[in-house]
Amino acid sequence: MLEIILKQLLNGITVGSIYSLIALGYTMVYGIIKLINFAHGDIYMVGAFIGLIVATQLTSNFIVVIVVAMALTAILGVLVEKVAYKPVRNSSRISALISAIGASIFISNLVVLINGPQREAYPQIFPEINFVIGGITISFLQIFIILVSIALMFGLYYIVHNTKMGVAMRAVSQNMTTARLMGINSDKVISFTFAIGSSLAAAAGVLVGTYYRAVDPLMGLLFGLKAFVAAVLGGIGSIPGAMVGGLVLGLAEVMGVAFISPSFRDAIAFGILIFILIVKPSGLFGKATKEKV
Amino acid sequence: MDSILNYLFNDYIIQVATITGINIIMVLGLNLITGVTGQLSLGHAAFMSIGAYSSSIISIKLGAPFIVSLLAGTGFGALFGALLGVPILRLRGDYLAIATLGFGEIVRVVILNTPYLGGALGIYGIPPSTNLAITAFFVVFTIFFMYRLEKSRHGLAIRSIREDEIAAEMMGVNISKYKVLSFTIGSAFAGLGGALYAHFLSYINPIDFGFMKSIEQLCMLVLGGMGSITGAVFGSIVLSTVPEILRFASEYRMVTYGIVLILMMVFRPQGLFGKIKVNV
């Protein structure tokens with residue numbers, strides 16, 4: 001029994017750390033322009049596909065695959081922001097949300113047009129190595145996914161807290177008008193945020209591809225929504241919140257599948273979502289915002 | 001040969017017209033929630049599925065007459081609308097949108113995994129009792145109902161919530177009562193639409209009522225203009241018929257859909273017929 005629990009714990013942390021990577025993109029964008037970036041899940045899917053193309057056509061060197069996917073997807077993220085979000089930045093919230101939904105529909109269906117709706121097998125980038133520690137089998141891939149996620153999160157933490165751009169990001173998220181008065185180019189900061197968030201999503205896409213060994217053009221919607229749940233769970237707008245939220249969601253989902261029923265996997269995430277929203281809408285790490293009259 | 005072609009063509013047009021009518025009923029329900037009250041809902045299809053499934057079950061398993069199953073579908077839509085409305089309408093804006101979205105997904109997953117409701121196979125053999133005349137009757141009824149509601153004292157209270165919630169509360173409007181009321185009525189019409197839909201196609205499947213269906217309904221509302229009955233009707237007609245006309249380009253349909261949404265929000269966010277700016 002203990003072995004099963006430990007095994008599931010490891011699975012949960014693996015999936016959870018991937019959720020965290022995607023959730024970071026949602027939370028950063030929301031923190032800065034108060035918009036649910038509905039296209040984020042599809043950007044993650046495109047990242048996975050770019051990784052697939054690089055891995056099958058160019059090289060199976062993991063570093064190259066993930067770096068190329070992250071760089072190209074960052075450009076895509078900035079492009080989406082310029083086309084679909086920037087023009088509606090001063091419109092009502094619902095306009096921005098619908099524009100984001102439009103971007104999501106456009107990206108996923110463009111990939112369907114190019115690739116077809118079928119699943120694609122992901123190449124095996126890593127040899128299958130399993131360690132057995134105290135009766136539990138741990139795959140090298142799981143350890144690797146967790147380590148890559150941790151490294152990327154530390155990278156993000158460094159950027160946000162120790163660079164000039166990071167300071168500007170935090171300033172804009174506090175108050176865009178004041179930040180602008182202080183000479184911060186808010187457009188540049190917003191583009192940078194989208195670039196970082198999208199590249200993290202691309203990394204998550206490549207990791208998911210190597211973990212589940214398959215990708216498909218419509219995988220962005222559900223996985224993205226669940227990552228969004230993770231961001232809300234941790235408190236949207238909070239970077240540590242997104243990390244913790246992702247882990248909690250991953251663990252809850254894996255435990256739910258193992259001990260309740262595998263068919264209710266997706267309902268678990270959204271059940272948690274509604275529960276959190278009703279009990280503590282600001283999430284675990286979020287600040288409650290006061291209504292401005 | 002000519003007459004066969006003629007017959008088929010007419011049949012096809014009647015089918016498209018009926019589906020359009022059903023969409024009008026549901027989008028008017030969504031208009032009450034999102035356009036008139038200003039509460040963004042991304043789970044309208046969930047109430048449609050509740051109406052469709054409850055009316056089908058009552059028709060098939062209990063052998064109830066059509067009108068009873070329609071009333072049951074409407075009633076269950078309203079019941080679940082109220083049940084969800086009470087806890088979540090304290091939430092605002094984006095959070096409310098996400099909660100309704102989550103509710104929609106939960107309903108879909110639960111139906112998908114309940115053998116009694118047919119699971120992934122759906123339900124077959126629902127009596128095909130809906131026809132164009134019945135749909136037209138309910139469309140007229142819904143338009144009349146929504147018009148009267150908006151013009152009434154209650155309608156004024158509901159609109160005041162959209163304009164400024166805090167000011168409305170100060171003026172003594174019972175905000176939570178009216179929010180739940182509007183959510184319940186809106187969901188009831190989604191339930192009615194779902195019941196009509198099930199009894200028209202005589203086959204339903206959980207995939208028909210997913211997130212994309214909710215988005216489709218929202219798009220119809222947005223295209224016409226939120227808060228406008230004319231707009232909701234017009235948007236439903238355009239987005240129900242244009243994809244049929246453009247069926248030859250069906251591969252590009254969804255891509256175009258995405259572009260249209262973005263362009264619409266950039267250049268005319270209030271919709272084609274909308275006068276008001278809804279701030280959710």
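Residues numbered from 1 in each chain as written. Chains lettered and ligands numbered in written order. Predicted model: local features only at pLDDT ≥ 70, side-chain atom pairs only at ≥ 80, totals over all residues. Heavy atoms only, no water.

1. Side note on the overall build of chain B
Put simply, the rule reads: Helix and strand assignments come from DSSP, with helices taken as H or I runs of at least 4 residues and strands as E runs of at least 2, each series counted from the N terminus. Only protein chains enter the calculation, and the probe is 1.4 Å; a residue is then buried if its accessible area is under 20% of its type maximum, exposed if over 50%, and partly exposed in between. In what follows, residue pairs with any heavy atoms lying within 4.5 Å of each other are defined as contacts.
A count of helical and extended segments in chain B gives 11 helices and zero strands. Helices and strands appear in chain B in the N-to-C order α-α-α-α-α-α-α-α-α-α-α. C-alpha extents for chain B along the principal axes are approximately 65 × 45 × 35 Å. Classification of the 280 residues of chain B by burial places 56% in the buried group. By sequence separation, contacts in chain B at least 24 residues apart represent 81% of the contacts at least 6 residues apart.

2. A word on the overall build of chain A
Going by this rule: Here the globule rule reads 2.2 Å times residues to the power 0.38, and the radius of gyration is calculated from C-alpha atoms.
Each helix and strand in chain A was counted, giving 11 helices and four strands. Relative to its length of 293 residues, chain A is compact, with a C-alpha radius of gyration of 19 Å against a globular reference of 19 Å. For chain A, the C-alpha atoms occupy an extent of roughly 60 × 45 × 35 Å along the three principal directions. By the burial criterion, 57% of the 293 residues in chain A qualify as buried.

3. Focus: the nonpolar core
Looking at soluble globular proteins, one finds that nonpolar side chains tend to be buried together. Where we set the bar: To define a nonpolar core, start from buried Ala, Val, Leu, Ile, Met, Phe, Trp, Tyr and Cys residues and group those joined through side-chain atoms within 4.5 Å.
The biggest cluster of nonpolar side chains holds 177 residues, and the ones touching the most others in it are F38(A), F62(A), Y85(A) and I204(B). Ignoring sequence-local partners within four residues, the contact set of F62(A) consists of I125(A), F126(A), F144(A), V148(A), V206(A), L207(A) and T210(A).

4. Brief notes about the pairing of strand β3 (residues 136-139) of chain A
We apply this condition: Any two strands between which DSSP finds at least two bridges are classified as paired.
Of the strand pairs in this sheet, strand β2 (residues 130-133) of chain A and β3(A) are connected by four bridges, and their pairing is antiparallel. Across the sheet, residue V132(A) finds its bridge partner in β3(A), namely T137(A).

5. Thoughts on the side chain of S99(A)
Within the element layout of this structure, S99(A) appears in helix α4 (residues 93-115). With a relative accessible area of 0%, S99(A) lands in the buried category. Among all residues touching S99(A), those that are not within four sequence positions of it are A84(A), Y85(A), V88(A), I262(B) and M265(B).

6. A look at the packing of aromatic side chains
Residues and elements named next belong to chain B. Short version of the rule: Pairing of aromatic rings covers Phe, Tyr and Trp, the last counted by its six-membered ring, and requires centre-to-centre distances within 6.5 Å; plane angles under 30 degrees mean stacked, over 60 mean edge-to-face, and any other angle means tilted. Two thresholds decide whether a charge sits over a ring: the Lys NZ or Arg CZ must be within 6 Å of the ring centre and within 35 degrees of the ring normal.
Going through the model one piece at a time under the given rule, you end up with 16 aromatic pairs over all chains. Seen from their ring centres, F141 and F145 are 6.1 Å apart, and the 35° between their planes marks the pair as tilted. You can see F141 and its partner F145 sitting in helix α5 (residues 132-151), four residues apart, about one turn around the helix. For F141, a relative accessible area of 39% puts it in the partly exposed group. Of note, K61 hangs over the ring of Y116, and the distance from its end group to the ring centre comes to 4.1 Å. The cationic tip of K177 hangs over the ring face of Y178; the distance from NZ or CZ to the ring centre is 4.8 Å.

7. Quick notes on the packing of helix α1 (residues 2-33) of chain A against helix α6 (residues 164-174) of chain A
Residue and element names in this part refer to chain A. Put simply, the rule is: As a rule, the C-alpha atoms of each element are fitted with a line to give its axis, helices using only the stretch in contact, and angles between N-to-C directions run from 0 to 180 degrees. Comment on the angle field: the value is read as roughly parallel under 35 degrees, roughly antiparallel over 145, roughly perpendicular from 65 to 115, and oblique elsewhere. Note on residue categories: nonpolar means Ala, Val, Leu, Ile, Met, Phe, Trp, Tyr, Cys or Pro, charged means Asp, Glu, Lys or Arg, and polar means any other residue, Gly included.
Taken N-terminus to C-terminus, the directions of α1 and α6 make an angle of 55°; their axes are 6 Å apart at the nearest point. Relative to α6, the element α1 is oriented oblique. Contacts between α1 and α6 involve M28, G31 and I32 from the former and M169, V172 and S173 from the latter. Class assignment of the residues belonging to the contact of α1 with α6 gives a composition of four nonpolar, two polar and no charged.

8. Regarding the interface of chain A and chain B
We apply this condition: Buried area, as used here, totals the accessible surface that two parts lose on assembly, with accessibility defined by a 1.4 Å probe and the loss added over both. Salt bridges are identified by distance alone: a Lys or Arg side-chain nitrogen within 4 Å of an Asp or Glu carboxyl oxygen. Polar contact criterion, stated in full: a pair of N or O atoms within 3.5 Å, where within protein one must be able to donate a hydrogen and the other to accept it, and residues adjacent in sequence count only if both atoms are side-chain atoms.
Contact with chain A, which involves 43 residues of that partner, is made by 44 residues of chain B. Together, the buried faces of chain A and chain B total about 3,700 Å²; carbon and sulfur atoms form 80% of this surface. Among the residues of chain A in contact with chain B, I94(A), I98(A) and I105(A) are the three that bury the most area, contributing 16% of the side total. On the surface where chain A and chain B come into contact, there are zero salt bridges. Between chain A and chain B we count zero residue pairs in polar contact (both at pLDDT 80 or more) in total. Every element with two or more residues in the side of chain A that touches chain B is listed here: α3 (62-85), α4, α9 (219-234) and α11 (265-279) of chain A. In terms of residue count, the dominant contributor to the side of chain A that touches chain B is α4(A) (14 residues). Along the lines of polarity and charge, the residues of the side of chain A that touches chain B split into 31 nonpolar, seven polar and five charged.

9. Structural notes on the environment of I107(A)
Residue and element names in this part refer to chain A. Note that I107 resides in helix α4. A relative accessible area of 7% places I107 in the buried class. Measuring from C-alpha to C-alpha, the distance between I107 and T73 comes to 12 Å, with 34 residues separating the pair along the chain. Each residue touching I107, except ones within four places of it in the same chain, is listed here: A39, D42, I43, M45, V46 and V80.

So far we have only geometry, and geometry alone does not tell us how the molecule works.
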